[in-house]
Amino acid sequence: MTSNARVVVIGAGLAGVTLARRLGELGTPALLVGDEEHRPYNRVLLAEVLAGRFGPEVTALPAPAALIRARVTGIDRAGRTVRCADGSVIAYGTLVLATGSNAVLPPLRGLFTPGRRLPEGVHAFRTMDDCLGLSKAVRPGVRAVVVGGGLLGVSAARALAVRGAQVVLAQQAERLMERQLDPAASALVRRHLEDLGVEVHTECRVRDVRSVGGAVRSVEMADGYALGADVVVLACGVRPRVGLARDAGLAVRTGVLVDDELRTGDPHIHAIGDCAEHAGRVYGLAAPALEQAGALAGLLAGDGTVARYTGTRSLTRLTLTGPDSPFDLAAFGETDPRPGDDVVQLADATRGTYRKVVVRDDRLVGGVLVGELGTVGALARAWEGAEPLPSDGGPLLHLLTNDGGS
Ligand SMILES: Cc1cc2nc3c(=O)[nH]c(=O)nc-3n(C[C@H](O)[C@H](O)[C@H](O)COP(=O)(O)OP(=O)(O)OC[C@H]3O[C@@H](n4cnc5c(N)ncnc54)[C@H](O)[C@@H]3O)c2cc1C
């Protein structure tokens, strides 16, 4: 098949679908090429599907009409075409890479069977297929080990516990979600998981995966301790999918390098979402992916609304819905103060709430809220605006405590 569609978008995830839809609205229809079997869906909701709270259909993204299922295997920049695994060739005027990330598979002994497959019961947690595979394996009483205690590992452990599994979470770092949270907030997340029955081990490195007959039986820690396991979830981070860009000779560091017009070194090729690296940052989060898609749509359709993309000040938000009340947290910017920073902190151990902001040179540089998110909007605005704060400190405390009447 040959197509002369002017804008071709590779990857039907959050970034690609949002871009294609927005371009359609602006009168510049794009052809979207995605390799997953499922209808485009919002990955952010997969933990809720695993927890049994949503059916898979709830995650569906409104896909544009021009969507084809194919895996792009190569880019011919001189001829301005892409080649697909099924042999088809698609011509482009402008190409957008929105290929997302892959789950990182950690270097564990025994992780692969002789056929280079993961043993039965071992799953990454990135795609709908991962989620449905895990969902099928989880029953009350099943022994599950989650490897990794970042946002993804915490979400997976909570979902599996809600489904009745006996969950052990093994985290190599000294605390949970160490990249987003300070120690006090991290301790509250740990308490929440433990209240759901999850056994949390920090500073704990998994070394081996043991299988019998191709199915996982246990994992072994660096200190030799073995844990029986029917299910293992690998939540060890993600890596941008940059193979196509690299093979085509585009500049790649961690992600595909793009400028303020989300353009690679080739003026006909752009990159957005998890696969893109802008101003030294690969975000790996939904809000920047959406913002980049919106900005690029404006640039490509020439609607004059967006001149440049200058980066996203993105909040990390997580809601851990348990059988009882939901447990909410939000974190942004730098939550660990540097010497000389001002810190305002409010903690209520009984209610399990915690609020903290970090101020540097009259500017809000970071904060973390756990259990009590009434002020998150006002704080986010103060952070995003990066305006100097009034110097007497009173308004800052007000920002932390005023929940806007809700
Ligand atoms: C379980 C889970 C929970 C998450 N929770 C949060 C959260 O709470 N908050 C948050 O901000 N972020 C969260 N994230 C991260 C968020 O989902 C991503 O940042 C977001 O999906 C990025 O969108 P994207 O379109 O760049 O990439 P993706 O959503 O990964 O989409 C890329 C698509 O491109 C396809 N593709 C790749 N290569 C090719 C090719 N060669 N040919 C054709 N198609 C190709 C892929 O198969 C995929 O469908 C979570 C992620 C997971 C997995």
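Conventions used here
- Residues numbered from 1 in each chain as written.
- Predicted model: local features only at pLDDT ≥ 70, side-chain atom pairs only at ≥ 80, totals over all residues.
- Heavy atoms only, no water.
- Helix = DSSP H or I, 4+ residues; strand = E, 2+ residues; numbered from the N terminus.
- Buried < 20%, exposed > 50% of the residue type's maximum accessible area, 1.4 Å probe, protein only.
- Contact = heavy atoms within 4.5 Å.
- Areas by Shrake-Rupley, 256 points an atom, 1.4 Å probe, with all protein chains shown as cover.
- Lys, Arg positive; Asp, Glu negative; His and termini not counted.
- Charge placed at Lys NZ, Arg CZ, Asp CG, Glu CD.
- Core = buried A, V, L, I, M, F, W, Y, C linked by side-chain atoms within 4.5 Å.
- Salt bridge = Lys/Arg side-chain N within 4 Å of Asp/Glu carboxyl O.
- pLDDT = per-residue confidence, 0-100.
- Near = heavy atom within 4 Å.
- Polar contact = N/O pair within 3.5 Å; in protein donor to acceptor, adjacent residues only side chain to side chain.
- Nonpolar A, V, L, I, M, F, W, Y, C, P; charged D, E, K, R; others polar.
- Pairing = 2+ DSSP bridges.
- Axes fitted to C-alpha atoms, helices over the stretch in contact; angles between N-to-C directions.

Of the regular secondary structure elements, the chain holds nine helices and 25 strands. For the chain, the C-alpha atoms occupy an extent of roughly 65 × 65 × 35 Å along the three principal directions. Considering the chain as a whole, with its 406 residues, one finds that 50% of them fall into the buried category. Across the chain, the fraction of contacts at a sequence separation of at least 24, relative to all contacts at a separation of at least 6, is 59%. For the chain, the accessible surface area stands at approximately 18600 Å², while carbon and sulfur atoms represent 48% of it. Considering the chain, the positive charge centre built from 44 side chains and the negative charge centre built from 45 side chains are found 6 Å apart.

Turning our attention to the nonpolar core. If you look at the biggest cluster of nonpolar residues, it comprises 48 residues, and the most contacted ones within it are Leu19, Ile75, Leu95, Leu97 and Ile272. Those residues in contact with Leu97 that lie beyond four places of it in its chain are Ile10, Ile75, Ala245, Leu250, Val256, Ile269, His270, Ala271, Ile272 and Cys275. Ala51, Phe125, Val167 and Phe327 belong to the second largest nonpolar core, which has 43 residues in total.

Moving on to the pattern of salt bridges. Taken as a whole and judged by the stated rule, the model has 24 salt bridges. In this structure, the salt-bridge partner of Arg77 is Asp266, at a minimum N-O distance of 2.9 Å. Here the residue Arg77 occupies a position in the loop between strand S4 (72-76) and strand S5 (81-84), and Asp266 occupies one in the loop between strand S18 (256-258) and strand S19 (269-271), the gap between them amounting to 189 residues. Under the relative-accessibility criterion, Arg77 is labelled partly exposed at 31%. A relative accessible area of 6% places Asp266 in the buried class. The salt bridge partner of Glu261 is Arg263, with a shortest N-O separation of 3.0 Å. According to the relative accessible area criterion, Arg263 is partly exposed, its value standing at 27%. The network of salt bridges with shared partners includes Arg109, Arg207, Asp208, Arg210 and Glu220.

Chain-level statistics for the chain give a pLDDT mean of 89 and a share of 92% at 70 or above. Across residues 1-5 the pLDDT falls below 50, and counting only partners more than four positions away or on other chains, this stretch makes 14 contacts in the model.

Moving on: the site of the ligand. Taken together, 30 residues lie around the ligand, and Ala15, Asp35, Glu36, Arg43 and Arg126 are the ones closest in. Here an oxygen atom of the ligand sits 2.8 Å away from a polar atom, N or O, in the main chain of Ala15. Here an oxygen atom of the ligand and a side-chain polar atom of Arg43 are 2.8 Å apart. Bound to the protein, the ligand loses 93% of the 1000 Å² it would expose on its own. Among the secondary structure elements, those contributing two or more residues to the shell around the ligand are helix H1 (14-25) and strand S2 (30-34). The class makeup of the residues in the shell around the ligand is 14 nonpolar, eight polar and eight charged.

The next subject is the environment of Gly149. Tracing the chain through its elements places Gly149 in the loop between strand S10 (143-147) and helix H4 (151-162). Residues Gly149 and Ala235, spaced 86 residues apart in sequence, show a C-alpha to C-alpha distance of 7.4 Å. Beyond its immediate sequence surroundings of up to four residues, Gly149 is in contact with Val154, Leu169, Ala170, Gln171, Leu176 and Met177.

Next up on the list: the sheet that holds strand S11 (residues 166-170). Taking strand neighbours across the sheet as the criterion, the five strands line up as S9-S16-S10-S11-S12 in an open arrangement whose pairing is parallel. Among the strands making up the open sheet, the edge pair consists of strand S9 (122-124) and strand S12 (199-201). Neighbour to neighbour, the strand axes of the sheet diverge by 20° on average, direction disregarded. Pairing analysis gives three bridges linking S11 to S12, with the strands arranged parallel. Within S12, the residue paired with Leu169 across the bridge is Val200.

Bringing the environment of Glu57 into the picture now. Tracing the sequence through the fold places Glu57 in the loop between helix H2 (46-50) and strand S3 (67-69). Residues Glu57 and Ala159, spaced 102 residues apart in sequence, show a C-alpha to C-alpha distance of 18 Å.

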